[in-house]
Amino acid sequence: MTVQNKLGGTFTFPGTSMTVNRMGYGAMQLAGKGVFGPPKDLDAAVAVLREAVESGVDHIDTSDFYGPHITNQIIKQALHPYPKDLTIVTKISAKRGPDGSWIPAFSREELISAVHDNLRNLGLEALDVVNLRAMFSHLGPAEGSIEPMLTVLAELQQQGLVKHVGLSNVTPKQVAEGRGICEIVGVQNLYNVAQRSDDALIDDLAKDGIAYVPFFPLGGFTPLQSSTLDEAAAELGATPMVVALAWLLQRSPNILLIPGTSSVAHLRVNLSAAELVLPGEVLEKLNEIALVA
Ligand SMILES: NC(=O)c1ccc[n+]([C@@H]2O[C@H](COP(=O)([O-])OP(=O)(O)OC[C@H]3O[C@@H](n4cnc5c(N)ncnc54)[C@H](OP(=O)(O)O)[C@@H]3O)[C@@H](O)[C@H]2O)c1
């Protein structure tokens, strides 16, 4: 069994010199309730980001539709000028309604303006990675051609505003379609120890060295709850969340983690998952959670 080193070892995105620690940070939880409006405690949000970077996190996931705009502005306030080795990954193709609803924003004009919003609010001249998030269904990945939208993003890449391109909330068919349009460095979909629909996709991407970045690694808005996780945590002297993250790190070397938290204490706990090695018999039990779910 591979022993995870500090922050899970490193991963280099395909066709790039961009290397990150496998344990990163997802910034979505920094905005207000429902990822809408300002946080209750701005200083606490800034502290989480600074603690992450001071702890060696060099991969932060965000979007300008978190807040909207607010999460990116907090990242800029906390970390700009950015450390040279920090990779900020953002996503486009949604906007927020006045009630906080998530609305597809897939037109050429909306995609271009989303890239410019991210550049402005993050204070960057070029974005490291932009994920095109498919928005064909509220329920998850759904078929539909991403060609028109991805072509716009590829143009922005050619103009130098976007360094690398990824996909989010996509089906394997859309990943194949996307790879025919431009180089795809990563896929960001819902996946965790209890939600494993992407098992085959992860293995396929791993063969080509493409990153798979699970969102909701801890269950997202409905935190993971499982007696198997609780038992494994008790046996290993860890917490269930740490076990869930360690399981992901051991699941495949192309998995990069971006657990989200608004708390420095939770951040520290989550980062410690990179140092937990799950023994084979524990892995076997954890693998049964998804079957039951
Ligand atoms: N591509 C997409 O469509 C998409 C969708 C959703 C999310 N994302 C990205 O994925 C990242 C991760 O997803 P997420 O933040 O929604 O979900 P998550 O990481 O699965 O879980 C976050 C939730 O778990 C809690 N939590 C975190 N650490 C904990 C700990 N050690 N103990 C107990 N509770 C803990 C957080 O609350 P506290 O704040 O209290 O810690 C928060 O409620 C996001 O930040 C975002 O960047 C992408």
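Residues numbered from 1 in each chain as written. Predicted model: local features only at pLDDT ≥ 70, side-chain atom pairs only at ≥ 80, totals over all residues. Heavy atoms only, no water.

**Observations regarding the site of the ligand**
Right, on to step 1. Around the ligand sit 25 residues, and of these Asp61, Arg133, Thr261, Ser262 and His266 come closest.
Right, on to step 2. In the environment of the ligand, an oxygen atom lies 2.9 Å from a nitrogen or oxygen atom belonging to the side chain of Gln29.
Right, on to step 3. One nitrogen or oxygen atom from the main chain of Gly219 is found 3.2 Å from an oxygen atom belonging to the ligand.
Right, on to step 4. Burial of the ligand by the protein amounts to 86% of the accessible area it has alone, namely 890 Å².
Right, on to step 5. Assessed atom by atom at 2 Å from the grid points, the ligand resides in the largest pocket.
Right, on to step 6. Counted by class, the shell around the ligand contains eleven nonpolar, eleven polar and three charged residues. (Near = heavy atom within 4 Å. Polar contact = N/O pair within 3.5 Å; in protein donor to acceptor, adjacent residues only side chain to side chain. Areas by Shrake-Rupley, 256 points an atom, 1.4 Å probe, with all protein chains shown as cover. 1 Å grid on protein atoms, 1.4 Å probe; cavity = no way out; pocket = protein on both sides within 12 Å on 5 of 7 lines; lining within 4 Å. Sits in = over half its atoms within 2 Å of the grid points. Nonpolar A, V, L, I, M, F, W, Y, C, P; charged D, E, K, R; others polar.)

**A word on the nonpolar core**
If you look at soluble globular proteins, the nonpolar side chains tend to sit buried side by side.
Right, on to step 1. In this structure, Leu132, Leu153 and Leu286 are the most contacted members of the largest nonpolar core, which totals 87 residues.
Right, on to step 2. Ranked by the residues each element gives to this core, the list is headed by helix H8 (residues 240-251), at eight residues.
Right, on to step 3. Ignoring anything within four residues of it in the chain, the contact list for Leu153 reads Ile92, Val115, Val130, Leu132, Val162 and Val165.
Right, on to step 4. Formed by eleven residues, the second largest nonpolar core is a distinct cluster that contains Val129, Val185, Ala211 and Leu256. (Core = buried A, V, L, I, M, F, W, Y, C linked by side-chain atoms within 4.5 Å. Buried < 20%, exposed > 50% of the residue type's maximum accessible area, 1.4 Å probe, protein only. Helix = DSSP H or I, 4+ residues; strand = E, 2+ residues; numbered from the N terminus. Contact = heavy atoms within 4.5 Å.)

**As for empty space enclosed by the protein**
Right, on to step 1. Counted according to the given criterion, the structure contains one cavity of 30 Å³ or more.
Right, on to step 2. Taken as a whole, the largest cavity holds about 70 Å³ of empty space.
Right, on to step 3. If you trace the largest cavity, you find it lined by Phe13, His59, Asp61, Val89, Val129, Asn131, Val185, Gly186, Val187, Gln188 and Val213.
Right, on to step 4. When contributions to the lining of the largest cavity are tallied by element, the ones reaching two or more residues are strand S4 (59-61), strand S8 (127-133) and strand S10 (184-188). (Points joined across faces, edges and corners; volume = space filled by probe spheres on them.)

**Thoughts on the pairing of S10**
The side chains of a regular strand alternate, residue by residue, between the two faces of the sheet.
Right, on to step 1. The buried fraction of S10 amounts to five of the five residues, a majority that puts the element mostly inside the structure.
Right, on to step 2. In this sheet, S10 lies alongside strand S9 (residues 162-168) in parallel orientation, the contact comprising four bridges. Across the sheet, the residue bridging to Ser168 is Gln188, located in S10.
Right, on to step 3. In this region the chain leaves S9, passes through helix H5 (residues 172-179) and returns to the parallel neighbour S10; the handedness of that crossover is right-handed.
Right, on to step 4. Handedness of the S10-helix H6 (residues 199-207)-strand S11 (residues 211-212) crossover: right-handed. (Pairing = 2+ DSSP bridges. Right-handed = clockwise from strand over helix to strand, strands pointing away.)

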